[in-house]
Amino acid sequence: MEITGPLNIGVLDNDTGGRELHLSFKADFRILNLQQQSENFQAFIKTLINEIHKLDESDTNRQGMTTILQICEQLQPHIDANELPLEETIVVNIQTQSPFGNIKISG
């Protein structure tokens, strides 16, 4: 499933048996002023929530989208406060053996 938003999202398998999400902000998002960035990101979160609710619980896209939603909800206050260097890639490590509770954001 593809959802258009302010992020480029890449998934890589790492050497430890987990996965890494690489999140980077699109150029058209980075050039917005702070208020526009905040509103745009909030709208993206609402879109994710709406799209997740449309999916059956057994749909494989649902878990991935829920993970992205959780990360975005954690990023929102930092976007609102202008605390993130938007030109840098955010790397999120996810342990595939137990994806819940083992999400670590680094970078």
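Residues numbered from 1 in each chain as written. Predicted model: local features only at pLDDT ≥ 70, side-chain atom pairs only at ≥ 80, totals over all residues. Heavy atoms only, no water.

Undergrad: Honestly, the overall build of the chain in this entry has me stumped. Any pointers?
TA: From N to C terminus, the chain includes 3 helices and 4 strands. Secondary structure elements of the chain, listed N to C terminal, follow the sequence β-β-α-α-α-β-β. The buried share among the 107 residues of the chain stands at 31%. Partitioning the contacts of the chain with sequence separation of at least 6, the portion at a separation of at least 24 is 57%. On the chain, roughly 6700 Å² of surface is accessible, and the fraction owed to carbon and sulfur atoms is 47%. (Helix = DSSP H or I, 4+ residues; strand = E, 2+ residues; numbered from the N terminus. Buried < 20%, exposed > 50% of the residue type's maximum accessible area, 1.4 Å probe, protein only. Contact = heavy atoms within 4.5 Å. Areas by Shrake-Rupley, 256 points an atom, 1.4 Å probe, with all protein chains shown as cover.)

Undergrad: Would you take a moment to explain the nonpolar core for this structure?
TA: Among the nonpolar cores identified, the biggest contains 22 residues, and Phe-25, Phe-41, Leu-48, Cys-72 and Val-92 are the most heavily contacted of them. At the level of elements, strand S2 (19–25), helix H2 (34–54), helix H3 (60–80) and strand S3 (90–94) are the ones that each hand at least two residues to this core. For Cys-72, the contacting residues outside a window of four places in its chain are Leu-7, Phe-41, Phe-44, Ile-45 and Leu-48. (Core = buried A, V, L, I, M, F, W, Y, C linked by side-chain atoms within 4.5 Å.)

Undergrad: What's the story with the environment of Ile-94 in this structure? I'm lost.
TA: Tracing the chain through its elements places Ile-94 in strand S3. Here Ile-94 falls in the buried class, since its relative accessible area comes to 12%.

Undergrad: So what exactly am I meant to see when it comes to the pairing of S3 here?
TA: Residues in a regular strand point their side chains to alternate faces of the sheet. The buried count for S3 comes to 5 of 5 residues, which makes it a mostly enclosed element. Side chains Ile-90, Val-92 and Ile-94 of S3 all project onto a buried face; the interleaved residues Val-91 and Asn-93 project onto the opposite face, where all are buried too. One ladder, built from 5 bridges, connects S2 with S3; its direction is antiparallel. Looking at S3, one finds that His-22 is bridged to Val-91. (Pairing = 2+ DSSP bridges.)

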